[in-house]
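Observations on chain architecture
Here's the letter readout for the chains.
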Amino acid sequence: MINTPDITFRPIQLVDAPLLFAWRQKPHVAAWWNVAPYEAGTYEEVEEEIREDLELGGHDSFLILFDGQPIGYGQTYNAGDASGDWWPDEDESTSGLDLLIGEESLTGRGLGPLVVCAICDQLFADPKVQSIIADPNPDNLRSIRCFEKAGFLIERHMETPDGQALLMRLCRESN
Ligand SMILES: CC(C)(COP(=O)(O)OP(=O)(O)OC[C@H]1O[C@@H](n2cnc3c(N)ncnc32)[C@H](O)[C@@H]1OP(=O)(O)O)[C@@H](O)C(=O)NCCC(=O)NCCS
């Protein structure tokens, strides 16, 4: 168990593409992050995703740093602005969150919930944000437990453009 982690964040840059690509290939990430219709992706595709986030701003994408070292990747978004069939029932007061800890040796030690709490604190600093959602794969029990430990409650199973998901939510008043 990690007791006093120094968790910080910095915006992703194009030069981070090799690191993100390497994490996305790792089995503990690939099992959940790359499921159909997403595949592991070529290096060029990962680089293009970063470029799109930087240029179009659909997601706020960032590296998670632990004691100053990059250990994972996260992205947040406004669910009210989401495109296509994503989040038709949400409005601008809802933010969404995805994350991965790419360094496998740092998983299973209680770091994930602390990272989620730190990200949520930053999102709730915006008074417009009333709730934060996550949509883990219903079979990703570790992720579901991670969000529960950070205070999220399970709302319902749902179909997303990426497939089946478990909608989980942290409300401002229960944070
Ligand atoms: C999901 C993730 C962020 C969780 O972070 P973490 O630091 O590993 O989380 P924790 O160490 O707190 O473990 C979470 C909990 O899951 C539990 N857990 C682990 N494997 C489990 C399993 N197979 N079934 C049920 N619970 C499980 C742990 O026991 C722990 O709960 P506990 O503290 O009550 O015992 C991290 O593992 C990760 O990035 N995984 C790869 C990518 C991914 O799945 N991202 C999420 C996409 S939504």
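Structure first, text after, so check above.
Now for a look at the structure at hand. (Residues numbered from 1 in each chain as written. Predicted model: local features only at pLDDT ≥ 70, side-chain atom pairs only at ≥ 80, totals over all residues. Heavy atoms only, no water.)

1. Quick notes on the layout of surface pockets
Its boundaries defined by the atoms lining it, the second largest pocket holds a volume of some 150 Å³. Lining the second largest pocket are Phe-9, Arg-10, Pro-11, Asp-60, Phe-62, Thr-76, Ile-119, Gln-122 and Leu-123. Broken down by secondary-structure element, the contributors of at least two residues to the lining of the second largest pocket are β1 (7–11), β2 (60–66) and α4 (111–124). Counted by class, the lining of the second largest pocket contains five nonpolar, two polar and two charged residues. (1 Å grid on protein atoms, 1.4 Å probe; cavity = no way out; pocket = protein on both sides within 12 Å on 5 of 7 lines; lining within 4 Å. Points joined across faces, edges and corners; volume = space filled by probe spheres on them. Helix = DSSP H or I, 4+ residues; strand = E, 2+ residues; numbered from the N terminus. Nonpolar A, V, L, I, M, F, W, Y, C, P; charged D, E, K, R; others polar.)

2. Here we look at the side chain of Asp-16
Assignment of secondary structure puts Asp-16 in the loop between β1 and α1 (17–25). Asp-16 has contacts with Arg-10, Pro-11, Ile-50 and Leu-63, leaving out every residue within four places of it along the chain. (Contact = heavy atoms within 4.5 Å.)

3. Things to note about the sheet that holds strand β7 (residues 163–171)
Spatial strand order, β1-β2-β3-β4-β5-β7-β6: seven strands in an open sheet with mixed pairing. On the outer flanks of this sheet lie β1 and β6 (153–160), each paired with one strand and no other. Ignoring strand direction, the axes of neighbouring strands in this sheet form an average angle of 30°. With four bridges joining them, strand β5 (residues 131–134) and β7 adopt antiparallel strand pairing. From the neighbouring strand, Ala-134 faces β7, where its bridge partner is Met-168. Sitting on the sheet, helix α5 (residues 141–149) is in contact with β4 (94–101), β5, β6 and β7, with an inclination near 10° to β7. (Pairing = 2+ DSSP bridges. Axes fitted to C-alpha atoms, helices over the stretch in contact; angles between N-to-C directions.)

4. A look at the site of the ligand
Taken together, 20 residues surround the ligand, and among them Ile-101, Gly-108, Gly-110, Gly-112 and Lys-149 come closest. At a separation of 3.0 Å, a nitrogen atom of the ligand approaches a polar backbone atom of Leu-99. With respect to the ligand, the side chain of Arg-145 contributes an N or O atom lying 2.9 Å from an oxygen atom. Elements with a contribution of two residues or more to the shell around the ligand: α2 (27–33), β4, α4 and α5. Of the residues forming the shell around the ligand, the biggest block, six residues, is contributed by α5. (Near = heavy atom within 4 Å. Polar contact = N/O pair within 3.5 Å; in protein donor to acceptor, adjacent residues only side chain to side chain.)

5. Remarks on the pattern of salt bridges
Evaluated as defined, the whole model comprises ten salt bridges. For Glu-47, the salt bridge goes to Arg-51, with nearest N and O atoms at 3.9 Å. With Glu-47 and Arg-51 both in helix α3 (residues 43–56) and four residues apart, this pair spans about one turn of that helix. Take Glu-47: its relative accessible area is 21%, and that puts it in the partly exposed class. Salt bridges sharing common partners tie together Glu-47, Glu-48 and Arg-51. (Salt bridge = Lys/Arg side-chain N within 4 Å of Asp/Glu carboxyl O. Buried < 20%, exposed > 50% of the residue type's maximum accessible area, 1.4 Å probe, protein only.)

6. Digging into the packing of α1 against α3
Between α1 and α3, the shortest axis-to-axis distance is 9 Å and the interhelical angle comes to 120°. In this view, α1 runs oblique relative to α3, as classed from their interaxial angle. Two packed elements cross with a definite hand, and for α1 against α3 that hand is right-handed. Two secondary-structure elements touch here, α1 through Ala-17, Pro-18, Leu-20, Phe-21 and Arg-24 and α3 through Tyr-43, Val-46, Glu-47, Glu-49 and Ile-50. Here the residues of the contact of α1 with α3 are counted per class, giving seven nonpolar, no polar and three charged. (Parallel < 35°, antiparallel > 145°, perpendicular 65-115°, else oblique. Left-handed = near helix turned anticlockwise from the far one by under 90°.)

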